[in-house]
There are 2 protein chains.
Amino acid sequence: MNMMTVTRKIPEHQAVYERVRDMILLGMFSPGEALTIQGLASRLEVGVTPVREAIRRLTAEQALETLGNRRVAVPEMTAGRLEEIYFLRMHVEPELTQRAAKNISSQQVVDLREIDRQIDEAIALGDPEAYLERNNLFHFTIYRLAGSAILFRTVQSLWVQAGPALRVVCGRYGTANLPDKHSTLMDALERGDGPAAAQSLREDLEQGLDLVRESIRVD
Amino acid sequence: MNMMTVTRKIPEHQAVYERVRDMILLGMFSPGEALTIQGLASRLEVGVTPVREAIRRLTAEQALETLGNRRVAVPEMTAGRLEEIYFLRMHVEPELTQRAAKNISSQQVVDLREIDRQIDEAIALGDPEAYLERNNLFHFTIYRLAGSAILFRTVQSLWVQAGPALRVVCGRYGTANLPDKHSTLMDALERGDGPAAAQSLREDLEQGLDLVRESIRVD
DNA sequence: TTCCGGAATTTTTGATCAAAAGTTTGACAA
DNA sequence: TTGTCAAACTTTTGATCAAAAATTCCGGAA
């Protein structure tokens, strides 16, 4: 048995997985960009073995696609892929939000409002990096409160898949007209009104979808 | 360029991944059972490296869970997990079925009817292995026709997660009262009636869910 | 020029080894 | 008997190497 609650040192492959996933999530690779194991290994200054394992996880999550010839790449966003991703998001994320509304504390609402303030700040400053990072934190803070591990990880995978395309949108149109349905969402969460929270989220998603759709059409 | 369509030799880690996934899918491990990399490697008569990569993919798909202490195990089925899995299945699988209804050919309907006959045979013979294998083939043959890669892989992951619990159900109650909503489903597919096909599938899923719910409650 | 073929280079893949981490066993004390 | 502790054993992990596979590069033919 293990008496103390020890801070377990996480394995390198796990750390590498998280780093690369966050890099994809924040759009640090362009859609279509090919990744090499060795390239990542030298870039991240780690051995090649942990990178291999991280890559396998990311391909399993469809964050990367295998190119047949033993290579992996960030998938190109197509209209079909986009619709599939948002089909799922549109079903799962409102549900998670609704579940979160049952569990949220008033302190957590305060914290969320602070994160939302930082989002608005990032939009005002035109800082897409910060926007994506804070927006991600905002939503996943809520989703974690739902206490639904399987739905949570499914949504995580969907965000990673959408990440590169989202980044392109921000780069192309700037942060000026990015959606902010967050205040009505938080009002609903504060009252513990699950259905209303879910509805706000649907609208938030719909807005995001429209932006990406537009950006796809242009290509 | 590559003129000929060559039969590319798949890497070992890919083959191992598929083998272990199918083993989980067919319930060859019990819920809660711990798996070791070395154990799998010697059991499958392969090296340890490919097994490691396969394990990473399977944990990413939530087919296996990491036990904190660097070990992996087949997750125990809980009421909460079950509801989450079926929440997703209930949204995604009818959609895939509906999409498939648009694309299916009459020859493919004939093939499906043959698979369904084999399912009935397996039920009659009380052969859970064959039942699970053929039932899997039946549904995924349909899902593949939808031509929706992301939804397809999401459902694949959900089936692997449900696999061990399904196997327990078959083992406990036998194959006698297993659902067969397949004939109405195929009639709908044959007419290209997407909504009706989706509805049959919902009923099929509901029946399966009830069975597993029952088996969880007993534990 | 463009296209083809093959050498040179790079990358992936799987085995193997040593170190780190985790589990089991068994002796010994209470 | 029960509980504790350390030694023995097993497993995971990450680096490294050789072989296989893929890509790039380059010279020569059309």
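Residues numbered from 1 in each chain as written. Chains lettered and ligands numbered in written order. Predicted model: local features only at pLDDT ≥ 70, side-chain atom pairs only at ≥ 80, totals over all residues. Heavy atoms only, no water.

Asks: In this structure, what is going on with the relation of the copies chain A and chain B? I would like to understand it.
Replies: Copy one and copy two of the chain differ by a rotation about a common axis and a shift along it. At an RMSD of 0.0 Å, chain A and chain B line up after a rotation of 180° and a shift of 0.0 Å along the axis. With respect to symmetry, the two chain copies, as superposed, fit the operation of a two-fold axis. Proximity to the rotation axis, assessed at the C-alpha, singles out Arg57 of chain A in chain A; its C-alpha lies 2.4 Å from the axis. When the interface residues of chain A are mapped onto chain B, 100% of them again lie at the interface, so the same face is used by both copies. (Least-squares fit on C-alpha atoms with pLDDT ≥ 70 in both. Contact = heavy atoms within 4.5 Å.)

Asks: Teacher, can you tell me more about the protein's contact with DNA strand D here?
Replies: Inspection of the region around DNA strand D gives 19 residues, with Glu12, Thr49 and Asn69 of chain A together with Gln38 and Arg56 of chain B positioned closest. Close to the protein, within 4 Å, the atoms of DNA strand D are drawn from sugar and phosphate at a rate of 73%. Taking His13 of chain A, its main chain carries an N or O atom lying 3.5 Å from a phosphate oxygen of DNA strand D. Within the side chain of Asn69 of chain A, a nitrogen or oxygen atom sits 2.6 Å from a phosphate oxygen of DNA strand D. (Near = heavy atom within 4 Å. Polar contact = N/O pair within 3.5 Å; in protein donor to acceptor, adjacent residues only side chain to side chain.)

Asks: What is the right way to read the sheet that holds strand 3 (residues 72-73) of chain A from this model?
Replies: The three strands are arranged 1-3-2 (chain A) in an open sheet whose pairing can be described as antiparallel. In the strand order of this sheet, the two ends are held by strand 1 (34-35) and strand 2 (65-66) of chain A, each with one partner. (Pairing = 2+ DSSP bridges. Helix = DSSP H or I, 4+ residues; strand = E, 2+ residues; numbered from the N terminus.)

Asks: What exactly am I supposed to notice about the domain arrangement of chain A here?
Replies: The accessible area lost on association of the parts is a frequent measure of interface size. Residue and element names in this part refer to chain A. For chain A, the domain assignment lists domain 1 (12-73) and domain 2 (79-218). Between domain 1 and domain 2, the C-alpha centre-to-centre distance is 24 Å. Taken residue by residue, the interface counts 10 residues in domain 1 and 12 residues in domain 2. Between domain 1 and domain 2, a total of about 1100 Å² is buried, with carbon and sulfur atoms accounting for 63% of that surface. When residues of domain 1 are sorted by the area they lose upon contact with domain 2, Leu25, Leu26 and Glu61 head the list and together hold 46% of the total. Linking domain 1 to domain 2 there are two residue pairs in polar contact (both at pLDDT 80 or more). Class assignment for the residues of the side of domain 1 that touches domain 2 results in six nonpolar, two polar and two charged. (Domains from an automatic or database assignment. Buried area = accessible area lost by both parts, 1.4 Å probe. Nonpolar A, V, L, I, M, F, W, Y, C, P; charged D, E, K, R; others polar.)

Asks: How should I be thinking about the protein's contact with DNA strand C in this particular structure?
Replies: Taken together, 19 residues form the shell around DNA strand C, and within it Gln38, Arg52 and Arg56 of chain A together with Glu12 and Thr49 of chain B come nearest. Sugar plus phosphate, as a fraction of atoms of DNA strand C within 4 Å of the protein: 72%. Within the backbone of His13 of chain B, one N or O atom sits 3.5 Å away from a phosphate oxygen of DNA strand C. In this structure, Asn69 of chain B approaches DNA strand C through a side-chain N or O atom, which is 2.9 Å from a phosphate oxygen. Among the secondary structure elements, those contributing two or more residues to the surface near DNA strand C are helix 2 (37-44) and helix 3 (48-60) of chain A together with helix 1 (12-25) and helix 3 (48-60) of chain B.

Asks: Please explain the environment of Ser215 of chain A as it appears in this structure.
Replies: Residue and element names in this part refer to chain A. Relative to the elements of secondary structure, Ser215 occurs in helix 9 (residues 194-218). Ser215 sits 45 residues away from Cys170 along the chain, and the two C-alpha atoms are 9.9 Å apart. Excluding residues that lie within four positions of it along the chain, Ser215 makes contacts with Val168, Val169, Arg172 and Tyr173.

Asks: I tried to follow the sheet that holds strand 1 (residues 34-35) of chain B on my own but got confused; where do I start?
Replies: Hydrogen bonds between backbone atoms are what pair the strands of a sheet, whose relative direction is either parallel or antiparallel. All names here are of chain B. With antiparallel pairing, the three strands of this open sheet are ordered in space as 1-3-2. One side of each edge strand has no neighbouring strand; the edge strands of this open sheet are strand 1 and strand 2 (65-66). Judged from the two bridges that link them, strand 1 and strand 3 (residues 72-73) form a sheet pairing that is antiparallel. Pairing of Leu35 across the sheet is with Val72, part of strand 3.

Asks: In this structure, what is going on with the pattern of salt bridges? I would like to understand it.
Replies: Close approach of charged atoms allows side chains with opposite charge to pair. Residue and element names in this part refer to chain B. According to the stated counting rule, one finds 28 salt bridges over all chains in the structure shown. Note that Glu95 and Arg99 form a salt bridge whose closest N and O atoms lie 2.9 Å from each other. Placement of both Glu95 and Arg99 in helix 4 (residues 79-103) is noted, with a separation of four residues, approximately one turn of the helix. Residue Arg191 pairs with Asp193 through a salt bridge whose shortest N-O separation is 3.0 Å. (Salt bridge = Lys/Arg side-chain N within 4 Å of Asp/Glu carboxyl O.)

Asks: Just to check I follow, could you spell out the interface of chain A and chain B for this structure?
Replies: With 29 residues of chain A in contact, the opposing surface of chain B contributes 29 residues. Both sides of the chain A and chain B interface together cover about 2900 Å² of buried area, and 59% of this is carbon and sulfur. It is Arg56, Glu84 and Ile150 of chain A that lose the most area in chain A upon contact with chain B, and together they represent 24% of the buried surface on that side. Linking chain A to chain B there are four salt bridges. Arg56 of chain A is paired through a salt bridge with Glu53 of chain B; the nearest N and O atoms lie 2.5 Å apart. For the pair chain A and chain B, the number of links is 15 residue pairs in polar contact (both at pLDDT 80 or more). Residue assignment for the side of chain A that touches chain B shows that the elements contributing at least two residues are helix 3, helix 4 (79-103) and helix 7 (149-173) of chain A.

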